Amino acid sequence: MPTAVVTGANSGIANAFAHILINEGYKVIAADVNVDGPIKELGCEAVKLDIASTEDIRAFKQRVGEQPIDLLLNIAGIMAPPETDTLETVDLADFQKTFAVNTFGPLLLTQALLPNILAAQSPRIAVVSSRVGSIADNSSGGSYSYRSSKAAVNALFKSMAVDLQSKKVPVIILHPGIVMTNIDPRWKERGKESFRGAVEPEQAASELWGVLKVKGLESTGRFYHRNGEELPW
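- As annotated in an unreviewed UniProt entry, the chain is Short-chain alcohol dehydrogenase-like protein from Paraphoma chrysanthemicola.

**Description of the nonpolar core**
Then step 1. Ranked by internal contacts, the top residues of the largest apolar core, which has 31 residues, are Phe 17, Leu 21 and Leu 73.
Then step 2. Of all the secondary-structure elements, those providing two or more residues to this core are β1 (3-7), α1 (12-23), β2 (27-32), β4 (71-74), β5 (124-128), β6 (171-175) and α6 (201-212).
Then step 3. No other element matches α1, which puts 7 residues into this core.
Then step 4. If we skip the residues at most four places from it in the chain, Leu 21 touches Ala 4, Val 6, Tyr 26, Val 28, Leu 71, Leu 73 and Trp 209.

**Considerations on the sheet that holds β4**
Then step 1. Read across the sheet, 7 strands follow the order β3-β2-β1-β4-β5-β6-β7 without closing on themselves; strand pairing throughout is parallel. This sheet does not close on itself; its edge strands, each paired only once, are β3 (45-48) and β7 (223-225). In this sheet, neighbouring strand axes are inclined to one another by 20 degrees on average, regardless of whether the strands run parallel or antiparallel.
Then step 2. α1 rests against β1, β2 and β4 of the sheet, and its axis sits at about 170 degrees to β1.
Then step 3. Where helix α3 (residues 92-118) meets the sheet, its contacts fall on β1, β4 and β5, and the angle it forms with β4 comes to roughly 175 degrees.

Reading guide: rules and limits
- Residues numbered from 1 in each chain as written.
- Predicted model: local features only at pLDDT ≥ 70, side-chain atom pairs only at ≥ 80, totals over all residues.
- Heavy atoms only, no water.
- Core = buried A, V, L, I, M, F, W, Y, C linked by side-chain atoms within 4.5 Å.
- Buried < 20%, exposed > 50% of the residue type's maximum accessible area, 1.4 Å probe, protein only.
- Helix = DSSP H or I, 4+ residues; strand = E, 2+ residues; numbered from the N terminus.
- Contact = heavy atoms within 4.5 Å.
- Pairing = 2+ DSSP bridges.
- Axes fitted to C-alpha atoms, helices over the stretch in contact; angles between N-to-C directions.

See the structure below:
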């Protein structure tokens, strides 16, 4: 039975992804900073993990031990409220908090689990980023801490893809599209109808899995929309 680690699994896309992987026959280790909620209903191992804490990452690695990890899905993420993430309002605290979760955490967790990943027969690494991290695609501005954190995680995982290619570990960067999750408080304020093309987490996870499971070493370091379209950097 292959093993998958999924971060952010107490809600949204990650929770839906964990359900899919369990149904696909994976042993799932579901991780989240909060383990009181939907994560309990997955019926798999649930582990408290603050992705922004190096101590939590070390403890998580110790708990995993030496078991091989076939799939590492870095999904946990946060977004500053749009009104505090503008040119006029963003501050150092916003940048530090957002980068700690969205950028540094995925890299440091992957680093800690690298021996486990390399011990698997056909391992894969993925990070759920966002199209707003594309510099070439930026036509709307704003979202300073969130946008830059995603651009930075794209750069880190592209480098990771280059470094791990000789070890035959594909690294895939994914964009879920507009998804109704609690990361963005505007859903409650404005409703789904205000966001063209918005989907539920279950649809986003299903389509992302459809992309991820067919991407191998030939696709490493590339950035994909959930519809399979390759996105610009």
